[in-house]
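# Coordinate inspection notes
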Amino acid sequence: MSKLASPYKVTWILLFLAAGASGAAALIYQVVWNRQLLMLFGSTTSATSTVIAAFIGGIALGTAFINYYLPRINRGHRLYAFSELAIVGSAFFLTILLPWLFKLYAGLWLSMSSDWLAAGFLRLFIGLLVLLLPTFLMGVTLPLLANIFESFQKKVYENTTKLYAINALGGAIGATLAGFIILPYMGIEVTYYVAFGFNLIAATLVFLSKKSETLQGSLLNSSTEGFIHKKQIKQVTSRRVLKKVTPFALVLSGITGLAYEVLWTRTLVLLIGSSTYAFSLIIIVYILAIAVGSYAMSKKIAFILQPKKWFIAIQFLIAAFALLGTLLLGYMPLWSISWFQVVGASFNSTLLLSIVFTMLIVFPPALLLGASFPLSMRLMTTGSHSVSQGFSQAYIWIAIGNILGAFVAGLGLITLLGLQTALLVMAAVNILAGCILIDKYSSFTKQDWSWGIGFIAAFIALFAISPRWDPLLMTSGLYQNAAIYMGMAEQNTDIKKITGAFKLRQYVEGEQSIVTVVERPTLRKEPHLVLTIDGKVDASNGKDMSTQILSAHIPLKLNKNPENILVIGLASGVTVGSITQSSKVKNIAVAEIEPAVVKAANEFRRYNHNALEDPRVNLILDDGRHHLSVSNVNYDVIISEPSNPWLSGPSRLFTYEFFLQAASRLSQKGVFAQWIQLYGISTELLKTEIRTFLKVFPYVHLYQVSAGDLLIVGSLTQLSRDTAPESEKMSKDLQRIDKKPSELMSHF
């Protein structure tokens, strides 16, 4: 190594580490803000899309702002360090501001909730208000680092691309730390402090890099061996690319980037479950693949003479791998049962299978998405644009695409087309992103045209004949029910024989999840109906009837005047139906987050007393937590029936903050009841849930309502049983599970 390269190496390492630390901080913030804002907005797909749009939008604005001033900035070490410190200050201020914004949001929501468009803009406005300043500052940082690298005029393209890759790698590390370690075990406050620490490290490293340059100043100015000057860069990168078309290609690529993430997540949770670990795993693999792809391309980017040709080829390859992944997804339930038959069904075997499936589906196309960014930068580094400006402009256009992709995938694409078709359409969009860059100046050979036309023809053919996924297999919930299926099947193919005996009565790919109603074989006279959400059984007219009916009767018995009732989670509607049998009840509000569940509940009309037709029932299509946070109504009884606490969305209904919200909406002698599943959770987690409940409610009863379910009932006042005799309707309702009113308290 020459004496010239040595001082650069130290400086570059410091700058690369700064990029990694900054990326880690950004993803930690995103995880925390996503959690906090979804607590405010509710855990709906539209709310999630809004948070993503606000986060990426703020970064895009910051990048656009600094891009305008980059030609006037000489390196910018101090400005970068100031930006990182300002992120810390704005994020800290945000922790103080959030409680006030929550109150502002709740007040405005009540006047706008009837207009879904106005409500959507309100969420976007609050999201931007909360995130604009810190994300704007985040958008400033990476272009500034790119500008600093460009000032060295050595390996400009390679180092700028590596900068993006290492920033993404830092993001993957930050997401891992936040999702798996800091947030679950240490809480939000500590997570903030860790993010602050990464920002401070980034600022310090850039400051030290400036010191390193100063010490070697005379050496750096003494030679230009191996340097690539800006004038040369312009000559290398000036191409006959249609300037008006290139941004559209980048936007289309950006749309697919975010849309794929949403679609892959929605599909993979059917196979690996929707636990918080599963969601974190998908995000980490996605970001890691982008980092690896960008880094791999960094070695070649300066030597590629036809970046447009490479960009088109990579867009076609992304489409090919997306199409291949979509085909493979249909076979993965069969692979799952084979896997579990060989290694057994356990947490570790399920986690390992989850990693394998995620790597197969997500990693290859995400790797190519990462590789396409350096090429996007080359396409934008034309004319009078420097490399750092090309970097910024590519980032901006792709970010715009990301925002559109978040909304397209989250607000209608799935319900309109279905997951499988939506994935295929996104693959077609990748082909379109490549095709629109083809013009009469493109230097394609006859062989290139033959390969391109042949690829498109093959894609169209596979698109048309692609076998449809088997909905019974895809929603069989093998990640949870593998042991049950293995007990019924002796050979790998027997799983299809088992599901072949099921009758699919309803299958809806809804806004938040996939909901099915399946009729399973039974020796009973009446059909055995099972309602599943993302493959997990959430209700049935079989052994779940005891839990569903007692979840209504017990809390009503513990309140002498239960007039206003709130039920969080409709499911089969059996609990709501049992409540309608009480003549004391005047109003029943039902908060259900997924509209598809409402349709599924109609399949259980015979068992839920046709509850939704009762004039006292008011169906609220909203996250129950969000409804409590914005409502000004007090309830005599609140019954919360979320799914398991280890699932990503429902887990927010088992927290201290949620219990506080519920307590604040209880009438003077109100009662709150929470369904807790004994299966799938450890003894320690169960103890934690009960301890958390006791922190809010001083008076608590615990009931076992079935072999695998508990009902924990709490109040802010002394609990006392209503001794008045039950009505004939209520008594008859209990007879369905062979119970008498006098036996209710025996479950205590």
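The text that follows walks through the structure, step by step, so that each part is easy to find. (Residues numbered from 1 in each chain as written. Predicted model: local features only at pLDDT ≥ 70, side-chain atom pairs only at ≥ 80, totals over all residues. Heavy atoms only, no water.)

### Concerning the overall build of the protein chain
Test applied: Helix and strand assignments come from DSSP, with helices taken as H or I runs of at least 4 residues and strands as E runs of at least 2, each series counted from the N terminus. Classification of residues uses two cut-offs on accessible area relative to the type maximum, computed with a 1.4 Å probe and protein chains only: under 20% is buried, over 50% is exposed, and between them is partly exposed. Contacts are assigned to residue pairs that have any heavy atoms within 4.5 Å of one another. Every accessible area reported is derived by Shrake-Rupley at a probe size of 1.4 Å, with residue values counting cover from the shown protein chains alone.
Check the secondary structure of the protein chain and you find 25 helices and 11 strands. Here the protein chain holds 748 residues, and 57% of them are scored as buried. For the protein chain, the share of sequence-separated contacts (at least 6 apart) that also reach a separation of at least 24 residues comes to 78%. Taken as a whole, the protein chain presents about 31000 Å² of accessible surface, with 63% of it coming from carbon and sulfur.

### A closer look at the pattern of salt bridges
This is how it is decided: Counted as salt bridges are all cases of a side-chain nitrogen of Lys or Arg within 4 Å of a carboxyl oxygen of Asp or Glu.
Counted by the stated rule, this structure contains 10 salt bridges. Put simply, lysine 299 and glutamate 158 hold a salt bridge, and the shortest N to O gap is 3.7 Å. In this pair, lysine 299 is assigned in the loop between α9 (276-298) and α10 (307-329) and glutamate 158 in helix α5 (residues 156-215), connecting sequence segments 141 residues apart. Residue classification places lysine 299 among the partly exposed residues on the basis of a relative accessible area of 44%. Of the charged contacts in the structure, one is a salt bridge between aspartate 733 and arginine 736, with a shortest N-O distance of 2.8 Å. The network of salt bridges with shared partners includes Glu158, Lys162 and Lys299.

### Quick look at the pairing of strand β8 (residues 635-640)
Test applied: Only when DSSP finds a minimum of two bridges between them are two strands counted as paired.
Burial runs high along β8: six of the six residues are buried. One ladder, built from four bridges, connects strand β5 (residues 564-568) with β8; its direction is parallel. The residue bridging valine 567 from the neighbouring strand is isoleucine 639, located in β8. Of the pairings in the sheet, the one linking β8 to strand β9 (residues 666-677) comprises five bridges and is parallel in character. The residue of β9 that forms the bridge with isoleucine 639 is alanine 673.

### Let's talk about the packing of aromatic side chains
Filter applied, for reference: Within 6.5 Å between ring centres, the rings of Phe, Tyr and Trp (the latter by its six-membered ring) count as paired, and their orientation is classed by plane angle as stacked under 30 degrees, edge-to-face over 60, tilted in between.
Counting across every chain of the model gives 19 aromatic pairs. On the basis of an interplanar angle of 75° and a centroid distance of 6.0 Å, the ring pair of tyrosine 193 and phenylalanine 196 is categorised as edge-to-face. With a gap of three residues between them, tyrosine 193 and phenylalanine 196 both fall in helix α5, about one helical turn apart. Judged by its relative accessible area of 47%, tyrosine 193 is partly exposed. Through pairs of rings, three or more aromatic residues link up here, namely Tyr29, Trp33, Phe55, Tyr192, Tyr193 and Phe196.

### Observations concerning the sheet that holds strand β2 (residues 514-520)
The criterion, for reference: Angular values range over 0 to 180 degrees, each being the angle between N-to-C directions of two axes fitted as lines to C-alpha atoms, with helices fitted over their stretch in contact.
Reading across from one edge, β1-β2-β3-β4 is the order of the four strands in this open sheet, with antiparallel pairing throughout. Only two strands of the sheet have a single neighbouring strand rather than two, namely β1 (503-509) and β4 (536-540). Neighbour-to-neighbour, the strand axes of this sheet turn through a mean angle of 20°, independent of strand direction. The pairing of β2 with strand β3 (residues 528-533) spans six bridges and is antiparallel. When the bridges of β3 are listed, arginine 520 appears paired with histidine 528.

### Considerations on the environment of alanine 175
Checked against the element boundaries, alanine 175 lands in helix α5. Note on alanine 175: relative accessible area 6%, which makes it buried. It is 8.5 Å that separates the C-alpha atoms of alanine 175 and glutamine 30, two residues lying 145 residues apart in sequence. If sequence neighbours within four positions are ignored, alanine 175 has contacts with Leu27, Phe180 and Ile284.

### What to know about the sheet that holds strand β6 (residues 587-591)
Judged by pairing direction, the sheet is mixed, and its seven strands sit side by side in the order β7-β6-β5-β8-β9-β11-β10 without closing on themselves. Both outer strands of the open sheet, β7 (617-620) and β10 (699-706), are each paired with one neighbouring strand and no more. Ignoring which end each strand starts from, the neighbouring axes of this sheet average 15° apart. In this structure, β5 lies alongside β6, joined through five bridges in parallel fashion.

### Overview of the packing of α9 against helix α12 (residues 347-380)
The description of two helices packed together rests on the angle between their axes and the distance between the axes. Going by this rule: Roughly parallel refers to an angle under 35 degrees, roughly antiparallel to one over 145, roughly perpendicular to one between 65 and 115, and oblique to any angle outside these ranges. We call a crossing left-handed when the near helix sits turned anticlockwise from the far one by less than a right angle, and right-handed when that turn is clockwise. Each residue is assigned to one of three groups, with Ala, Val, Leu, Ile, Met, Phe, Trp, Tyr, Cys and Pro labelled nonpolar, Asp, Glu, Lys and Arg labelled charged, and all others, Gly among them, labelled polar.
Axis separation between α9 and α12 bottoms out at 6 Å; the angle between their running directions is 40°. Here α12 runs oblique to α9, going by the angle between their axes. Judged by the twist between their axes, the crossing of α9 over α12 is right-handed. Its residues placed into classes, the contact of α9 with α12 shows 18 nonpolar, five polar and no charged.

### Re the nonpolar core
Side chains of a nonpolar character, in soluble globular proteins, are inclined to be buried together. Counted only if it meets this: Think of a nonpolar core as a cluster: buried Ala, Val, Leu, Ile, Met, Phe, Trp, Tyr and Cys residues, connected wherever their side-chain atoms sit within 4.5 Å.
Among the nonpolar cores identified, the biggest contains 148 residues, and Tyr29, Trp33, Leu145, Tyr260 and Leu268 are the most heavily contacted of them. In terms of residue count, the dominant contributor to this core is helix α1 (residues 5-41) (19 residues). If sequence neighbours within four positions are ignored, tryptophan 33 has contacts with Phe55, Ala91, Leu94, Leu131, Pro134, Thr135, Met138 and Tyr192. Core analysis: the second largest hydrophobic core is formed by 44 residues, Val508, Ile565, Val567 and Ala673 among them.

Coordinates in, geometry out; function isn't part of it.
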